[in-house]
Amino acid sequence: MAGYALDNSWERARRRLSLLEQHLDPMTKRRAIALGLGEGWNCLEVGAGGGSIATWLSDQVGPTGKVVATDINTALLQDLQRPNLEPRRHDIVSDDLPEGAFDFVHTRWLLHHLPQPDVAIARMVAAVRPGGWLLLEEVDFFPVHTSESAEYRDFMVALTDTVVKASGRDCFWARALPQLVARAGLSKIGGEGDFPLLQGGSPSAEFFALTAEQMHDRMIASGAISVERMDHALRLLASPDFWAFGGGGVAVWGQRPG
Ligand SMILES: C[S@@+](CC[C@H](N)C(=O)[O-])C[C@H]1O[C@@H](n2cnc3c(N)ncnc32)[C@H](O)[C@@H]1O
């Protein structure tokens, strides 16, 4: 897809996404189980990244179930050799999905990269079978503004702005997700937010540091942050004495009527 800034073919992409998975997987698993995920379910994981949730889903649904794991770049999914798991190269912006085919459709930390998240949401809703569930998990970086460290605040804003620049979006929008899902025609809509503490040196701190490493030249070229200020923020992210709020999680789910 034009404009996605964080190519999964980058040599440290697996490490970077595994850090995100360490931080987010427990919440995703809890939510999926609460929606009834179990044996025999047919699942679609959109923007599957490093594949930890796709792999976990394949364990949960067992031999009678199936998992399709899509991404625009399946470099990190190709090694997942499982009879009930199919990695598929697919762009959620422009490529069709089978309609009414899945008991469970999930995506995480993808929508903020897309110019029109509502188009992707509509496509995912249509892929859910009547009675099946959609679970969307996103991030809204509003909690970073509470940090006492101006360097950390500036760094996170510069980082997130640079990452989503090509899509013309920002990373302070996921608060709109419940409305978007409600308008998409689902029922039994529920949701929850979380605003995790970030400690320097933790997996999520290292995730943002690695994201900045991948985005370094674009961040500096954009003028959004100086090299000195960026280095200062990276030292904070590496120090166990540093604490702040990370990005706020926004999870919304709903059931397809019928
Ligand atoms: C921040 S990563 C999140 C990965 C995974 N969902 C997770 O939470 O661990 C975003 C993923 O979305 C994929 N992606 C970006 N644009 C996409 C698109 N238009 N269609 C499908 N996948 C896309 C990227 O290649 C990347 O793997």
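Quick note: structure is the one above.
What you see as residue numbers is a count from 1 along each chain, following the sequence as written. Two thresholds apply to this predicted model, a pLDDT of at least 70 for residue-level local features and 80 or more for giving and counting side-chain atom pairs, whereas whole-chain, interface and lining totals are computed over all residues. Side-chain measures were taken over the full set of non-hydrogen atoms in the model, leaving aside hydrogen atoms and water.

A. Main features of the environment of Ser52. Going along the chain from the N terminus, every DSSP run of H or I of four or more residues is numbered as a helix, and every run of E of two or more is numbered as a strand. Its location among the elements puts Ser52 in helix H2 (residues 52–61). Along the sequence, Ser52 and Asp25 sit 27 residues apart, while their C-alpha atoms lie 7.8 Å from each other. Any two residues whose heavy atoms approach within 4.5 Å are treated as being in contact. Excluding residues within four positions of it along the chain, Ser52 makes contact with Glu21, Asp25 and Arg108. Among the polar contacts made by the side chain of Ser52, one reaches the side chain of Asp25 at a distance of 2.7 Å. Counting of polar contacts relies on pairs of N or O atoms within 3.5 Å, with two restrictions inside protein: one atom must be capable of donating a hydrogen and the other of accepting it, and residues adjacent in sequence are counted only when both atoms are side-chain atoms.

B. Focus on the packing of aromatic side chains. Centres within 6.5 Å make a pair out of two Phe, Tyr or Trp rings, where for Trp the six-membered ring is used; the pair is then stacked when the planes are under 30 degrees apart, edge-to-face when over 60, and tilted otherwise. Applying the stated criterion across every chain yields a total of seven aromatic pairs. Considering the side-chain rings of Trp41 and Phe104, the 6.5 Å spacing of their centres and the 50° angle between planes classify their relative orientation as tilted. With a gap of 63 residues between them, Trp41 in the loop between helix H1 (13–34) and strand S1 (42–46) and Phe104 in strand S4 (residues 102–108) connect regions that are remote in the sequence. In terms of burial, Trp41 and Phe104 fall into one category: buried. Measuring from centroid to centroid gives 5.8 Å for Phe141 and Phe208, while their planes differ by 70°, and the two rings are edge-to-face. Here the residue Phe141 occupies a position in the loop between strand S5 (128–140) and helix H4 (150–164), and Phe208 occupies one in helix H6 (residues 203–222), the gap between them amounting to 67 residues. Taken individually, Phe141 and Phe208 each receive the classification buried, so the pair is uniform in this respect. An aromatic cluster is built from Trp109, Phe141, Phe207 and Phe208, whose rings are joined through pairwise contacts. In this analysis the charged atom, NZ for Lys or CZ for Arg, is taken to sit over a ring once it is within 6 Å of the ring centre and within 35 degrees of the ring normal. In this structure, Arg169 packs its charged tip against the face of Trp173, placed 4.5 Å from the ring centre. Here the term buried applies to any residue with accessible area under 20% of the maximum for its type, exposed to any over 50%, and partly exposed to those in between, with areas from a 1.4 Å probe on protein chains only.

C. Representation of the packing of H1 against H2. As a rule, the C-alpha atoms of each element are fitted with a line to give its axis, helices using only the stretch in contact, and angles between N-to-C directions run from 0 to 180 degrees. Packing of H1 against H2 leaves a shortest axis separation of 10 Å and a crossing angle of 35°. In this structure, H1 meets H2 at a crossing whose hand is right-handed. Contacts between H1 and H2 involve Glu21, Asp25, Thr28, Lys29, Ala32 and Ile33 on the former and, on the latter, Ser52, Ile53, Trp56 and Gln60. With the far helix as reference, a near helix turned anticlockwise by less than a right angle produces a left-handed crossing, and one turned clockwise produces a right-handed crossing.

D. Structural context of the side chain of Asn8. Within the fold, Asn8 resides in the segment before H1. We classify Asn8 as buried; its relative accessible area is 6%. There is a polar contact of 3.4 Å between the side chain of Asn8 and the backbone oxygen of Asn73. Beyond its immediate stretch of four places on either side in the chain, Asn8 contacts Ala13, Leu17, Gly49, Asp71, Asn73, Ala75 and Leu76.

E. Broad picture of the site of the ligand. The rule for a residue being near a molecule or strand is that one of its heavy atoms must lie within 4 Å of it. Taken together, 19 residues form the shell around the ligand, and within it Asn8, Gly47, Asp71, Asp91 and Arg108 come nearest. Ile72 is positioned such that a nitrogen or oxygen atom in its backbone is 3.4 Å from a nitrogen atom of the ligand. In this structure, Arg108 approaches the ligand through a side-chain N or O atom, which is 2.7 Å from an oxygen atom. Each accessible area value is a Shrake-Rupley result obtained with a 1.4 Å probe; residue values ignore everything except the protein chains displayed when judging cover. Relative to its unbound accessible surface of 590 Å², the ligand loses 99% to contact with the protein. With three residues, the top contributor of residues to the shell around the ligand is H1. Any residue outside Ala, Val, Leu, Ile, Met, Phe, Trp, Tyr, Cys, Pro, Asp, Glu, Lys and Arg is labelled polar, Gly included; the first ten of those are nonpolar and the last four are charged. Class assignment for the residues of the shell around the ligand results in 11 nonpolar, four polar and four charged.

F. The sheet that holds S5, seen in detail. Read from one edge of the open sheet, seven strands run S3-S2-S1-S4-S5-S9-S6, paired in mixed fashion. The open sheet is flanked by strand S3 (85–89) and strand S6 (187–194), the only strands paired with a single partner. Within this sheet the neighbouring strands show an average axis-to-axis angle of 15°, counted without direction. Alignment of S1 against S4, held across four bridges, turns out to be parallel. Note: two strands are recorded as paired if DSSP finds a minimum of 2 bridges between them.

G. Broad picture of the nonpolar core. Put simply, buried Ala, Val, Leu, Ile, Met, Phe, Trp, Tyr and Cys residues joined by side-chain atoms within 4.5 Å make one nonpolar core. Membership of the largest hydrophobic core comes to 38 residues, with the highest contact counts inside it found for Phe141, Tyr152, Phe155, Leu159, Phe208 and Met219. Each residue touching Phe208, except ones within four places of it in the same chain, is listed here: Trp109, Phe141, Phe155, Met156, Leu159, Leu198 and Leu237. In this structure, Leu111, Leu134, Ala174 and Leu180 belong to the second largest nonpolar core, which totals 26 residues.

H. Geometry of H2. Where burial is concerned, most of H2 is hidden: seven out of the 10 residues are buried. All of the buried residues in H2 are Ile53, Ala54, Thr55, Trp56, Leu57, Ser58 and Val61. Where H2 is buried, its residues meet H1, S1, strand S2 (66–71), S3 and S4. Once H2 finishes, Gly62 follows within two positions and takes phi at roughly 70°, a positive value.

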